[in-house]
Amino acid sequence: MAFIFGLDFAYVYVLQHCVKKVRMASIRASVRARCVLWGERVGFFLFVMA
């Protein structure tokens, strides 16, 4: 019984860890995309102004 409980706990722990990692990766990707988007906008604006 304790062994099964331990397995369950480990499974939940690993699952939470994976979810956290995926969430961090998606947040990082969205931030990077936003930075690229703003960089292109600013670059285009400077190009037009110059």
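Residues numbered from 1 in each chain as written. Predicted model: local features only at pLDDT ≥ 70, side-chain atom pairs only at ≥ 80, totals over all residues. Heavy atoms only, no water.

Moving on, we get to the overall build of the chain. Secondary structure assignment for the chain yields 1 helix and 0 strands. Against the globule reference of 10 Å for 50 residues, the chain gives a C-alpha radius of gyration of 22 Å, more extended than a compact globule. Projected onto its principal axes, the C-alpha positions of the chain cover 75 × 5 × 5 Å. Relative to its full complement of 50 residues, the chain shows a buried share of 0%. Roughly 5100 Å² of accessible area belongs to the chain as shown, and the carbon and sulfur atoms make up 76% of that amount. (Helix = DSSP H or I, 4+ residues; strand = E, 2+ residues; numbered from the N terminus. Rg over C-alpha atoms; globule rule 2.2 N^0.38 Å. Buried < 20%, exposed > 50% of the residue type's maximum accessible area, 1.4 Å probe, protein only. Areas by Shrake-Rupley, 256 points an atom, 1.4 Å probe, with all protein chains shown as cover.)

This part covers a nonpolar patch on the surface. A contiguous nonpolar surface patch, about 580 Å² in accessible area, is contributed by W38, V42, F45, L46 and M49. Considering the arrangement of structural elements, one finds V42 in helix α1 (residues 2-49). (Patch = residues over 30% accessible without salt bridge, like charges linked within 9 Å, V, L, I, M, F, W, Y side chains within 5 Å. Salt bridge = Lys/Arg side-chain N within 4 Å of Asp/Glu carboxyl O.)

The next point concerns the packing of aromatic side chains. Within a pair of aromatic rings, the relevant descriptors are the distance that separates the centres and the angle that separates the planes. Under the criterion given, the structure shown has 0 aromatic pairs. Sitting over the ring of W38, R41 keeps its end group 4.7 Å from the ring centre. (Phe/Tyr/Trp six-rings, centres within 6.5 Å; stacked < 30°, edge-to-face > 60°. Lys NZ or Arg CZ within 6 Å of the ring centre and 35° of its normal.)

Moving on to the environment of V42. Look at V42 and you get partly exposed, because its relative accessible area is 43%. Taking C-alpha positions, V42 is 21 Å from R28, a pair spaced 14 residues apart along the chain.

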